[in-house]
Amino acid sequence: MVNLGEIFPNFTAPTSQGEITFHDWLEDKWGILFSHPADYTPVCTTELGTVAKLVPEFTKRNVKLIALSIDDVDSHNGWIKDIQADSQLTGEFPFPIISDNRDLAVKFGMLDPDERDKAGLPLTARCVFIVGPDKKLKLSLLYPATTGRNFDEILRVVDSLQLTATKKVATPANWQQGGDCMVIPSVKQEDIPKLFPKGVTMKPVPSGKSYLRYTPQPE
Ligand code: BEZ
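Residues numbered from 1 in each chain as written. Predicted model: local features only at pLDDT ≥ 70, side-chain atom pairs only at ≥ 80, totals over all residues. Heavy atoms only, no water.

Trainee: Lay out helix H5 (residues 151-164) in plain terms, naming residues and giving numbers.
Mentor: Under the 1.5 Å per step criterion, the end-to-end length of H5 is 20 Å for 14 residues, consistent within 8% with the ideal 20 Å. Extensive coverage of H5 is indicated by the burial of 10 of its 14 residues. The opening residue of H5 is Asn150, an N-cap whose side-chain oxygen sits 2.9 Å from the backbone nitrogen of Asp152. (Helix = DSSP H or I, 4+ residues; strand = E, 2+ residues; numbered from the N terminus. Expected span 1.5 Å × (residues − 1). Buried < 20%, exposed > 50% of the residue type's maximum accessible area, 1.4 Å probe, protein only. Polar contact = N/O pair within 3.5 Å; in protein donor to acceptor, adjacent residues only side chain to side chain.)

Spelled out as structure tokens, the structure:
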């Protein structure tokens, strides 16, 4: 298991685009590693097609994508043709799929004990690891095999992670790019004019405490 803020461990693995060493592959970009229960499964097929269509949005945000599934590279390459046909995609598939032999799934706590393959072994759950340019884990999500992920939400959290990495704000529930943000609790009231030239609005609450501090999204 990797905790938030820890360096995501380096590894070398075969993929549908050749062998990669994770830290070298990341370069100085953000990275999203997301796992799948198995090749040739229905929900995964829709997920990979959806992500492939969103690649331009991730690239705009300096984010590289890499999927993982416990099947061999030949299986991945055959499955990619189905994914492309299902999502009406042509050309080279835009990101690699790691061929895991269970080592990474075990190491990173990706297994779903409720879903098993034909041999009775647990399948990989739907994990998402977002790694920053400093190679540290910034966010992880873990969905069971039976629930497909919302990749618009993954884009939204990338926007929040990238904003909050450099500005002293946090993003409220259901925030979207361009929406109002909240001043983080560690910011002292006297530092607000210097840090937030667009202004801060305090929302009164029955407790009388001054912690609901809204500010327009900083540039
Ligand atoms: C799927 O990708 O459709 C799937 C895989 C394993 C269990 C349930 C669904």
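Trainee: How would you explain unusual backbone geometry if you had to name every residue and give the values?
Mentor: Located in the positive-phi region is Glu27, a residue other than glycine, with phi close to 55°. Its place among the elements puts Glu27 in the loop between helix H1 (22-26) and strand S3 (30-36). Residue Glu27 is classed as partly exposed on the basis of its relative accessible area, which comes to 42%. Although it is not a glycine, Asn62 adopts a positive phi angle of roughly 65°. Relative to the elements of secondary structure, Asn62 occurs in the loop between helix H2 (42-60) and strand S4 (63-69).

Trainee: An account of the nonpolar core is needed here, citing residue identities and associated values.
Mentor: Counting 28 residues, the largest nonpolar core has Ile32, Phe34, Leu48, Phe58, Phe95 and Ile130 as its most contacted members. If you list the elements that add at least two residues to this core, you get S3, H2, S4, helix H3 (73-86), strand S8 (126-131) and H5. No other element matches the 7 residues that H2 contributes to this core. Discounting residues that sit within four places of it in the chain, Phe95 has contacts with Ser16, Gln17, Phe34, Leu48, Val51, Ala52, Val55, Leu65 and Ala67. Membership of the second largest hydrophobic core comes to 21 residues, among which are Val2, Leu26, Met110 and Phe129. (Core = buried A, V, L, I, M, F, W, Y, C linked by side-chain atoms within 4.5 Å. Contact = heavy atoms within 4.5 Å.)

Trainee: Describe the domain arrangement of the protein chain, listing the residues and the values that go with them.
Mentor: By a widely used convention, the size of an interface equals the accessible area lost when the partners come together. Domain boundaries in the protein chain define domain 1 (12-151) and domain 2 (167-215). For domain 1 and domain 2, the distance between their C-alpha centroids amounts to 36 Å. (Domains from an automatic or database assignment.)

Trainee: Just give me the short version of the site of the ligand, but keep the residues and values in it.
Mentor: Residues in close proximity to the ligand include Pro37, Thr41, Pro42, Val43, Cys44, Glu115, Leu123, Arg126, Ala145 and Thr146, which together make up its full environment. Backbone polar atom of Pro42 to an oxygen atom of the ligand: 3.3 Å apart, as the coordinates give it. A distance of 2.6 Å separates an oxygen atom of the ligand from a polar backbone atom of Val43. Relative to its unbound accessible surface of 270 Å², the ligand loses 83% to contact with the protein. (Near = heavy atom within 4 Å. Areas by Shrake-Rupley, 256 points an atom, 1.4 Å probe, with all protein chains shown as cover.)

Trainee: Go over the packing of aromatic side chains with me, naming the residues and quoting the values.
Mentor: Per the counting criterion, the structure on display carries 10 aromatic pairs. For the ring pair Phe34 and Phe151, a centre distance of 5.7 Å and an interplane angle of 65° mean the geometry is edge-to-face. With Phe34 in strand S3 and Phe151 in helix H5, the pair connects residues that are 117 residues apart, well separated along the chain. On the accessibility criterion, Phe34 (1% relative accessible area) is buried. In this structure Phe151 comes out as buried when scored by relative accessible area, which is 6%. With a centroid separation of 6.3 Å and 65° between ring planes, the pair formed by Phe108 and Phe129 is classed as edge-to-face. Of the two residues, Phe108 is situated in the loop between helix H4 (103-107) and strand S6 (111-116) and Phe129 in strand S8; the sequence distance between them amounts to 21 residues. Like Phe129, Phe108 is buried. Through a chain of ring-to-ring contacts, three or more aromatic side chains come together here, namely Phe8, Phe11, Phe22, Trp25, Phe108 and Phe129. It is Lys64 that lies over the ring of Trp25; its NZ or CZ is 4.7 Å from the centre. (Phe/Tyr/Trp six-rings, centres within 6.5 Å; stacked < 30°, edge-to-face > 60°. Lys NZ or Arg CZ within 6 Å of the ring centre and 35° of its normal.)

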